[in-house]
Amino acid sequence: MPDLVERDLEVLWHPATHFADHARVPPLPIASAKGAWLTTAHGTRILDAISSWWTCLHGHGHPAIVEAIRNQVDALDHVMLAGFTHEPAVRLAEALLAAAPGDYGKVFYADCGSASVEIALKLSFQHRVQSGAGERRRFATLRNAYHGETLGALAVSGNDAYRGVFAPLLFEPLELPVPHFPAHRHADLGDGRLGEDSEEAERAVTLLRAHAHELSALVVEPLVQCAGKMAMMGAGYLRRIVQTAQALGIHVIADEIAVAFGRTGRLFASTWAGISPDLLCLSKGLSGGVLPLSCVLIRRGFEAAFQGDPSRSFLHSHTFTGNPIACAAGFASLQLLQTQTLPPLDAAVERLRVAAQHVATQCSRVQNHRQCGTIVAFDVTTTAEREAQLGGRISLAIREAGLRKGVLLRPLHDAVYWMPPLNLAPAELDHLATATTEVLRDVL
Ligand SMILES: *Cc1c(COP(=O)(O)O)cnc(C)c1O
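Keep in mind that what you see is a predicted model, and the values were worked out from it rather than measured.

(A) Local environment of the overall build of the protein chain. Regarding its fold elements, the protein chain presents 14 helices and 16 strands. Its C-alpha radius of gyration of 22 Å places the protein chain within 12% of the 22 Å reference for a compact globule of 444 residues. On the principal axes, the C-alpha backbone points of the protein chain span a range of 65 × 55 × 45 Å. Within the protein chain, the fraction of its 444 residues that count as buried is 55%. Looking at the protein chain alone, contacts between residues at least 24 apart form 73% of all its contacts between residues at least 6 apart.

Here it is as structure tokens:
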């Protein structure tokens with residue numbers, strides 16, 4: 001029998017991976033995971049500093065979530081949500097609406113982040129069509145945005161790396177400038193004003209005013225453009241463009257898929273800016289990060305445009321919408337957040353600040369570092385000579401070196417970041433900071 005990696009390479013097509021890289025960094029077999037740690041098939045432990053693509057909020061295999069899943073799978077594994085209902089879907093929706101940043105009345109479930117963005121875009125547009133404003137058919141987005149990779153979500157994403165090839169298939173959004181604060185501190189969120197007077201905010205407001213008549217919605221990632229190299233925009237900028245859009249009658253779609261559930265230090269990132277988006281997309285940590293689940297929270301009253309004649313219905317469905325097991329995990333995760341994880345989060349944010357500062361002062365190749373809640377990023381650089389030695393692949397070299405030191409780092413080009421489980425222990429953070437320092441020194 002060939003080993004697992006050989007069998008894998010024979011049959012699997014991996015996401016976000018160049019075939020050419022398999023020879024250099026073959027997929028690493030993982031046998032188990034607990035808390036912040038992955039364990040390889042050979043028994044090596046790796047600290048999951050990026051929460052496996054920003055999902056597991058409370059670490060892997062949290063007993064409360066595992067128990068919720070076990071109990072649910074015994075009772076009801078799945079039933080379609082069209083024509084049926086069940087306790088887990090209703091209970092999670094009630095809890096989300098009660099916790100949400102504003103007056104939301106409905107929850108629409110789906111199974112991945114991109115699908116929730118598609119739903120929000122379609123809801124906004126159909127709302128226009130059915131309220132006599134069908135000429136509002138464009139969407140405004142921010143430069144450097146990432147909203148997923150299905151065609152609609154990709155259309156409102158600004159990053160050419162993902163968008164380039166498919167550009168001929170995509171509708172053209174109105175792109176707004178966005179300020180980036182490469183040395184953003186968590187404390188900058190405090191008065192909620194950073195970026196409000198920036199030149200980018202001025203130009204964005206001017207563009208929104210000029211195009212309001214044709215805009216259905218503005219789509220934003222509140223505070224941090226995560227896939228866009230952890231770029232931080234300032235809460236003041238966010239508040240200004242959102243309030244401007246809403247005053248102009250433009251719907252606001254907030255994509256909190258990556259930043260909700262404590263990542264910015266609060267349950268929802270929107271709260272830092274005091275905004276209340278019309279449609280709020282959630283996924284990733286929604287199920288506690290263990291099962292595919294997403295949803296859109298919908299402003300109270302929005303559904304009025306869909307009532308009346310059946311032809312006004314929102315005809316959109318995903319087969320596994322509102323899966324009971326995923327919803328049960330989601331409810332357990334939300335309860336954990338509210339009772340255990342969020343209360344001590346300020347201390348965790350402060351520990352991260354100190355640890356990041358330490359890494360930055362120890363590594364001369366770190367140019368900037370920034371923080372927003374539990375999200376920390378370092379911009380790194382190296383000499384042209386070293387870059388040539390690394391074949392222009394700084395990110396891959398850092399990932400490889402990290403794995404050798406027992407930490408999972410997956411830089412976005414030259415932005416190295418941490419987005420660990422929220423309940424990372426102080427000793428684990430020390431290990432992460434030490435390993436990151438060594439990796440950056442060795443590689444750069
Ligand atoms: C991950 C992500 C998405 C897409 O979610 P998928 O589940 O991968 O489809 C959309 N928006 C943001 C901000 C994300 O981080």
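This is not the end of the story, as more comes after the structure.
(B) Up close: a nonpolar patch on the surface. On the surface, L151, V165, F166 and L169 cluster together into a nonpolar patch covering about 430 Å² of accessible area. With respect to the helices, strands and loops of the structure, L169 is situated in the loop between α7 (160–163) and β6 (174–176). The class for L169 is exposed, based on a relative accessible area of 60%.

(C) Quick peek at the sheet that holds strand β3 (residues 45–48). Read across the sheet, 4 strands follow the order β1-β2-β3-β15 without closing on themselves; strand pairing throughout is mixed. The strands lining the two open edges of the sheet, one partner per strand, are β1 (30–34) and β15 (407–408). Bridge analysis of strand β2 (residues 37–40) against β3 gives 3 bridges, and the strand direction is antiparallel. Its bridge partner lying in β3, L38 is registered against I46.

(D) Layout of the packing of aromatic side chains. Inspection of every chain in the model, using the stated rule, returns 9 aromatic pairs. Seen in terms of ring centroids, W13 and F19 are 5.2 Å apart; in terms of plane orientation they differ by 50°. Their pairing is tilted. According to the relative accessible area criterion, W13 is exposed, its value standing at 71%. With 6.2 Å between their ring centres and 80° between their planes, F306 and F314 make a pair best called edge-to-face. Accessibility expressed as a relative area gives 12% for F306, which makes it buried. Site record: aromatic cluster; members linked through ring pairs are F108, F302, F306 and F314. In this structure, R45 packs its charged tip against the face of W37, placed 4.2 Å from the ring centre.

(E) Just the sheet that holds strand β12 (residues 294–299), in detail. Strand order in the open sheet made by the 7 strands is β4-β12-β11-β10-β7-β5-β6, with mixed pairing throughout. Two strands bound the open sheet, and with one partner strand each, they are β4 (104–110) and β6. Averaged over all neighbouring strand pairs, the angle between strand axes comes to 20°, with direction disregarded. Sitting on the sheet, helix α4 (residues 87–99) is in contact with β4, β11 (279–282) and β12, with an inclination near 130° to β4. Running over the sheet, helix α9 (residues 235–247) touches β5 (138–142), β7 (215–220) and β10 (251–255) and is turned about 165° from β7.

(F) Spotlight on the nonpolar core. Core analysis: the biggest nonpolar cluster contains 46 residues, and L142, L218, L223, V224, C226, M230 and I241 have the highest contact counts within it. At the level of secondary structure, the elements contributing two or more residues to this core comprise β5, β6, α8 (199–211), β7, α9 and β14 (375–380). The dominant element in this core, judged by the number of residues it contributes, is α9, at 6 residues. Excluding anything up to four places from it in sequence, V224 contacts M230, A231, M232, M233, V259, C372 and I375.

(G) Expanded view of the site of the ligand. Taken together, the neighbourhood of the ligand is formed by W54, C112, G113, S114, Y146, H147, G148, E221, D255, I257, A258 and K284. Residue G113 places a main-chain N or O atom 2.8 Å away from an oxygen atom belonging to the ligand. In the environment of the ligand, an oxygen atom lies 2.5 Å from a nitrogen or oxygen atom belonging to the side chain of S114. Taken by itself the ligand offers 380 Å² of open surface, and the protein chains cover 83% of this. Each residue belonging to the shell around the ligand can be placed in one class, and the counts come to 5 nonpolar, 4 polar and 3 charged.

(H) Inspection of unusual backbone geometry at higher detail. With a phi angle near 70°, L223 is a residue other than glycine that sits in the positive phi range. Summarising the element assignment, L223 is placed in the loop between β7 and β8 (224–225). In this structure L223 comes out as buried when scored by relative accessible area, which is 2%. The phi dihedral of K229 is positive, around 60°, even though this residue is not glycine. In this fold, K229 is placed in the loop between β8 and β9 (231–232).

(I) Inspection of the packing of α8 against α9 at higher detail. As a packed pair, α8 and α9 sit with axes 10 Å apart at the nearest point and diverge in direction by 10°. For the element pair α8 / α9, the angle class is roughly parallel. In this structure, α8 contributes E200, A201, E202, A204, V205 and L208 to the contact, and α9 contributes Y237, R240, I241, T244 and A245. For the contact of α8 with α9, the residue count by class is 7 nonpolar, 1 polar and 3 charged.

(J) The arrangement of the environment of Y109 in detail. Residue placement: Y109 occurs in strand β4. Judged by relative accessible area, which is 5%, Y109 ranks as buried. Spatially, the C-alpha atom of Y109 lies 27 Å from that of I241, the residues being 132 residues apart in sequence. Ignoring sequence-local partners within four residues, the contact set of Y109 consists of L81, A89, L92, A93, I119, L293, S294, C295, T321, G322 and C327. Here the side chain of Y109 touches A93 through a polar contact of 3.3 Å, landing on its backbone nitrogen.

What counts, and at which threshold
Position numbers for residues count from 1 along each chain, tracking the sequence in the order it is written. Thresholds applied to this predicted model are a pLDDT of at least 70 for local features of residues and 80 or more for the giving and counting of side-chain atom pairs; totals over whole chains, interfaces and linings are not thresholded and use all residues. The basis for the side-chain values is all heavy atoms of the structure; hydrogens and waters are excluded. The way it works is that DSSP assigns letters per residue, a run of H or I at least four long becomes a helix, a run of E at least two long becomes a strand, and they are numbered from the N terminus. Atoms counted for the radius of gyration: C-alpha only. Globule rule: 2.2 Å times the number of residues to the power 0.38. Using a 1.4 Å probe on the protein chains alone, a residue whose accessible area is under 20% of its type maximum counts as buried, one over 50% counts as exposed, and one in between counts as partly exposed. We call two residues contacting when some pair of their heavy atoms lies within 4.5 Å. Residues enter patches when their relative accessible area tops 30% and they take part in no salt bridge; the joining distance is 9 Å for like charges and 5 Å for the nonpolar side chains Val, Leu, Ile, Met, Phe, Trp and Tyr. Per-residue and other accessible areas follow the Shrake-Rupley method at a 1.4 Å probe size, with only the shown protein chains counted as cover for residues. In the sections that follow, a salt bridge refers to a side-chain nitrogen of Lys or Arg positioned within 4 Å of a carboxyl oxygen of Asp or Glu. Only when DSSP finds a minimum of two bridges between them are two strands counted as paired. Ring pairs are drawn from Phe, Tyr and Trp, using the six-membered ring of Trp, whenever the two centres fall within 6.5 Å, and their geometry is named by plane angle: stacked under 30 degrees, edge-to-face over 60, tilted for the rest. The criterion for a charge sitting over a ring is simple: Lys NZ or Arg CZ within 6 Å of the ring centre, and within 35 degrees of the ring normal. Axes here mean lines fitted to C-alpha atoms, for a helix over just the part in contact, with angles spanning 0 to 180 degrees between N-to-C directions. Residues grouped as a nonpolar core are buried Ala, Val, Leu, Ile, Met, Phe, Trp, Tyr and Cys residues, joined through side-chain atoms within 4.5 Å. For this purpose, a residue is taken to be near a molecule or strand whenever a single non-hydrogen atom of the residue falls within 4 Å of it. In protein, a polar contact means a hydrogen-donor-capable atom and an acceptor-capable atom, both N or O and within 3.5 Å, with residues adjacent in sequence counting only if both atoms are side-chain atoms; elsewhere, any N or O pair within 3.5 Å suffices. When residues are grouped by polarity, Ala, Val, Leu, Ile, Met, Phe, Trp, Tyr, Cys and Pro land in nonpolar, Asp, Glu, Lys and Arg in charged, and all others, Gly among them, in polar. Roughly parallel refers to an angle under 35 degrees, roughly antiparallel to one over 145, roughly perpendicular to one between 65 and 115, and oblique to any angle outside these ranges.

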